[in-house]
Amino acid sequence: MAVSAAIAQDYPAKPLRIISPFPPGGSVDLVARMIAAKLPEFLGQQVVVENRSGASGNIGTEVAARAAPDGYTLLANTIPFIANAFLYSKLPYDPLNDFAPVMLVTSSPSMLAVHPSLPARSVKELLALARSKPGGLNYGSAGPATNPHIAGELFNYLGKVNIVVVHFKGGGPALIAAISGEVGIVFTNFAETSEFVKAGRLRALGISSAKRKSVMPEVPTIAEAGLPGYEFVTWHGMWAPKNTPRAVVMLLNDRLKKTMTAPDLAKRFEDRGLDVIASTPEEFAAHVQSEYKKWGTLIRERGMKAE
């Protein structure tokens, strides 16, 4: 306890690192870098993002789990943080017990988009095309258990279709594959996809939230466009290793809240279709527990596995 108190009293005395367990170009990396650029104003120390990608986020997440619990290593992650527990027979970390939740920072819908050559201009047309070609269409994923994979399998499950997943090593590579036509369909974060839709390199069919986004109001929700009940919202959180002093966790939460609600950064998040949440550690812990149950059910129903 004396050591923990001393750490908290002197904290922060050196730069922090945020581990992003995915390659550059995906939503986790984007959120981590936006925060890292602004957080030093409120924390008084530099913040560096370190990409440690591989195995659907497991490699970087394990690095964070094994880091010293001194508040100088944070993990940025999203749904694979808990979904991987259901796809991999053995994980090198326990998502519910090896980390201290710090903050649920943002949420964002995904966008269902297709290559312009695909003969589908609506969700209804895509479902009809998929039913006419069972197993003949494919969608790009950032890897097993990642957000695009889960969003795609939820579409298959509710739409009673079988669009085949093609896994890539991150959301950036999956998006590039869709733009090039290597895959016909992609479910990627709104922030990543919207610019390519505006440029005409992809065609947006719908967004995965319950309501349309004000920055692109012309794009319908997937539910209203032909698949009732479909809703998938990506979230991004920050964790510290287990046993990080409570005082340090609360200080980080306070500084992150100031960062997330700073008008200039809040506007940057809004422009990219990201909604600022800035939760308490307790609210984030409850959210993780809820998501663990929710996505565990879908993964079992669809028989999803990491290959």
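Structure first, text after, so check above.
This write-up is about the structure you can find in this document. (Residues numbered from 1 in each chain as written. Predicted model: local features only at pLDDT ≥ 70, side-chain atom pairs only at ≥ 80, totals over all residues. Heavy atoms only, no water.)

Focus on the pairing of strand E5 (residues 138–141)
As paired elements, E5 and strand E6 (residues 164–167) share four bridges and run parallel to each other. From the neighbouring strand, Gly140 faces E6, where its bridge partner is Val166. Crossover E5 to E6 through helix H7 (residues 147–159) is right-handed. Bridge count between E5 and strand E7 (residues 185–189): two bridges; the pairing is parallel. Paired with Gly140 across the two strands is Val186, which belongs to E7. (Pairing = 2+ DSSP bridges. Helix = DSSP H or I, 4+ residues; strand = E, 2+ residues; numbered from the N terminus. Right-handed = clockwise from strand over helix to strand, strands pointing away.)

Focus: helix H6 (residues 123–132)
Within H6 the residues assigned to the buried category are Val123, Leu126, Leu127, Leu129 and Ala130. On an axial view of H6, the arc spanned by its buried residues comes to 165°, and they lie on one face. Among the exposed residues of H6, those oriented more than 90 degrees off its buried face are Lys124 and Ser132. (Buried < 20%, exposed > 50% of the residue type's maximum accessible area, 1.4 Å probe, protein only. Arc of directions from axis to C-beta.)

Remarks on the nonpolar core
Counting residues in each nonpolar core, the largest one holds 48 residues, and the members touching the most others are Leu112, Val123, Leu126, Phe155, Ile185 and Tyr230. Of all the elements in the fold, those that place two or more residues in this core are helix H4 (58–65), helix H5 (80–87), strand E4 (99–114), H6, H7, E7, strand E9 (233–241) and helix H12 (281–302). Contacts of Ile185, omitting those with residues within four sequence positions, involve Leu112, Ala113, Val114, Leu118, Leu126, Leu137, Asn138, Tyr139, Gly140 and Ile163. (Core = buried A, V, L, I, M, F, W, Y, C linked by side-chain atoms within 4.5 Å. Contact = heavy atoms within 4.5 Å.)

Here we look at the pairing of E9
With eight of nine residues buried, E9 lies mostly within the body of the structure. Note: strand E3 (residues 73–77) against E9, three bridges, orientation antiparallel. Following the sheet pairing, Leu75 is matched in E9 by Trp239. As paired elements, E4 and E9 share nine bridges and run antiparallel to each other. Looking at the pairing, Ser108 lines up with Thr234 of E9.

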